[in-house]
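Chain by chain, the residues run as shown.
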Amino acid sequence: MNILVTGGAGYIGSHFVKAAIGAGHRPVVLDNLSTGHRWAVLAEDFYDADLADGAKLKDILSKERIEAVVHFAANAYVGESIENPTKYFNNNYVNTLKLLDAMLECGVRTLIFSSTCAVYGIPGSIPITEDEPKKPINPYGLTKHFIEETLKWYESAYGLNCIALRYFNAAGADPGLDTGEMHDPETHLIPLVLEAAAGRREFIEIFGADYDTPDGTCVRDYIHVSDLAVAHLLALDYLMTAGKSGTFNLGGNRGHSVREVIDVARSVTSSDIPVRQGQRRPGDPPVLVSDSTHARQTLGWEPGYEDISVIVGHAWQWMKKAGEMGL
Ligand code: UFG
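A few words now on the packing of helix 4 (residues 85-105) against helix 5 (residues 139-158). For the pair helix 4 and helix 5, interaxial distance at closest approach is 9 Å and the crossing angle is 20 degrees. When the axis of helix 4 is compared with that of helix 5, the two are roughly parallel. Classified by chirality, the crossing of helix 5 by helix 4 is right-handed. Along the contact surface, helix 4 presents Pro 85, Tyr 88, Phe 89, Asn 92, Tyr 93, Thr 96, Leu 97, Leu 100, Asp 101 and Leu 104, while helix 5 presents Pro 139, Tyr 140, Leu 142, Thr 143, Phe 146, Ile 147, Thr 150, Leu 151, Tyr 154 and Tyr 158.

Right, let's talk about the nonpolar core for a bit. Residues Phe 16, Ile 112, Ile 163, Leu 165 and Leu 250 are the most contacted members of the largest nonpolar core, which totals 34 residues. Contributions of two or more residues to this core are made by strand 1 (2-6), helix 1 (11-22), strand 4 (68-71), strand 6 (161-167), helix 7 (225-242), strand 11 (246-250) and helix 9 (293-299). In terms of residue count, the dominant contributor to this core is helix 7 (9 residues). Excluding residues within four positions of it along the chain, Ile 112 makes contact with Val 69, Val 70, His 71, Ile 163, Leu 165, His 232, Ala 235, Leu 236 and Leu 239.

On to helix 5, then. Since there are 3.6 residues in each turn of an α-helix, residues three or four apart along the chain are aligned in direction. Between the first and last C-alpha of helix 5 there are 27 Å, a value that for 20 residues agrees with the 28 Å anticipated at 1.5 Å per step. Packed against the buried residues of helix 5 are helix 3 (78-83), helix 4, strand 5 (110-116), strand 6 and strand 11. Phi turns positive one or two residues past the end of helix 5, at Gly 159, with a value near 70 degrees.

The next thing to look at is the domain arrangement of the protein. Per the domain assignment, the segments making up the protein are domain 1 (2-171 + 224-250) and domain 2 (189-220 + 253-325). A separation of 24 Å is found between the C-alpha centroids of domain 1 and domain 2. Of the residues lining the interface, 25 residues belong to domain 1; the matching set on domain 2 comes to 22 residues. Regarding the contact of domain 1 and domain 2, the summed buried area is about 2,100 Å², with carbon and sulfur atoms giving 73% of it. On the domain 1 side of the contact with domain 2, His 224, Asp 227 and Phe 248 bury the most area, a combined 26% of that side's loss. Taken together, domain 1 and domain 2 are joined by 0 salt bridges. Taken together, the links from domain 1 to domain 2 amount to 8 residue pairs in polar contact (both at pLDDT 80 or more). At the level of secondary structure, the elements contributing two or more residues to the side of domain 1 that touches domain 2 comprise strand 7 (169-171), helix 7 and strand 11. Looking at which element gives the most residues to the side of domain 1 that touches domain 2, the answer is helix 7, with 6 residues. Split into classes, the residues belonging to the side of domain 1 that touches domain 2 amount to 16 nonpolar, 7 polar and 2 charged.

On to the packing of aromatic side chains, then. Applying the stated criterion across every chain yields a total of 7 aromatic pairs. When the ring of Tyr 88 is compared with that of Tyr 140, the centres are 6.5 Å apart and the planes differ by 85 degrees; the resulting orientation is edge-to-face. Here Tyr 88, found in helix 4, pairs with Tyr 140, found in helix 5; they are 52 residues apart in sequence, far enough to count as distant. Each member of the pair, Tyr 88 together with Tyr 140, is buried. When the ring of Phe 89 is compared with that of Phe 146, the centres are 6.2 Å apart and the planes differ by 35 degrees; the resulting orientation is tilted. In this pair, Phe 89 is assigned in helix 4 and Phe 146 in helix 5, connecting sequence segments 57 residues apart. Grouping aromatic residues by their ring pairs yields a cluster made of Phe 89, Tyr 93 and Phe 146. Over the face of the ring belonging to Phe 203 we find Arg 276, whose NZ or CZ atom lies 3.8 Å from the ring centre. Positioned over the ring face of Tyr 211 is Arg 280, at 4.0 Å from the centre of the ring.

Cut-offs used in this document
Residues numbered from 1 in each chain as written. Predicted model: local features only at pLDDT ≥ 70, side-chain atom pairs only at ≥ 80, totals over all residues. Heavy atoms only, no water. Axes fitted to C-alpha atoms, helices over the stretch in contact; angles between N-to-C directions. Helix = DSSP H or I, 4+ residues; strand = E, 2+ residues; numbered from the N terminus. Parallel < 35°, antiparallel > 145°, perpendicular 65-115°, else oblique. Left-handed = near helix turned anticlockwise from the far one by under 90°. Contact = heavy atoms within 4.5 Å. Core = buried A, V, L, I, M, F, W, Y, C linked by side-chain atoms within 4.5 Å. Buried < 20%, exposed > 50% of the residue type's maximum accessible area, 1.4 Å probe, protein only. Expected span 1.5 Å × (residues − 1). Domains from an automatic or database assignment. Buried area = accessible area lost by both parts, 1.4 Å probe. Salt bridge = Lys/Arg side-chain N within 4 Å of Asp/Glu carboxyl O. Polar contact = N/O pair within 3.5 Å; in protein donor to acceptor, adjacent residues only side chain to side chain. Nonpolar A, V, L, I, M, F, W, Y, C, P; charged D, E, K, R; others polar. Phe/Tyr/Trp six-rings, centres within 6.5 Å; stacked < 30°, edge-to-face > 60°. Lys NZ or Arg CZ within 6 Å of the ring centre and 35° of its normal.

See the structure below:
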């Protein structure tokens, strides 16, 4: 299939592009490189373009004979979204409407949408199933929730079929090291811990050790980015064959605390990682752990890299390679 991949120069998008090529598809990447990287574009076809440019979108959709869209492009910093909500409502929500309308005008009615566990806010029960009430506590999660709701109306009114995938904590890197995580600024736990291991930062700060969790630190469900990529291919197959829209959690069904992740990183890197205990980060739910049974049963998704030390190991190998390449 000819697949338009918005945000295909980003972290999860670039891993999807690699998986799509491996599965025999032709991904066409659209990315404005505001947070993505030119080196991360693994597809032959690349447009340095912005979703806000509706005319350009229509031009690409028809010229490239696009059959499906996988939509990763978005701003995804929770903290930034609280400080600058207009950026998130415009870039994530308004620009997604432009994409949807361009798709309809060009007769493309198949969409895989990147959503997030941030739609749940502070969940009432753990593990989190798809039925958990959606109560986002920041503009980032709210934009993703708005889009999910909008998509239901686009399906009933215009026949646009969509699968929304709610990611838990994407982590790790391509085992072949063709791409990996690189954010500026970096805010995610695993790369920051590894920067401390590499001596590129003095210490890792633990954001709160007084949570009601086994060791007092927050618990998260880390899922390998290459497993996320495969789930998109399965979702696409499902949408094309069963023709049914749906929403799926994508996580590992188990949680690791911040302290556990640091300990794993110590053993993976064989280095002391200095730690400082800090205050809670505003907006952090204490525990986010998925129930991803629906994706496993319905899509046949089976994550291949469930061990947290493998996930951290791939992230570490990628960090070393990126350093050697001067990225
Ligand atoms: N953490 C630290 N120190 C750091 C960085 C992070 O202790 O320097 C902690 C955080 O407080 C959190 C955990 O490590 O408890 C993981 O933090 P990340 O920033 O790596 O990831 P988040 O859990 O905040 O983010 C994830 C997804 C988002 C989603 C969010 C919903 O990446 O897309 O969950 O809460 F929006």
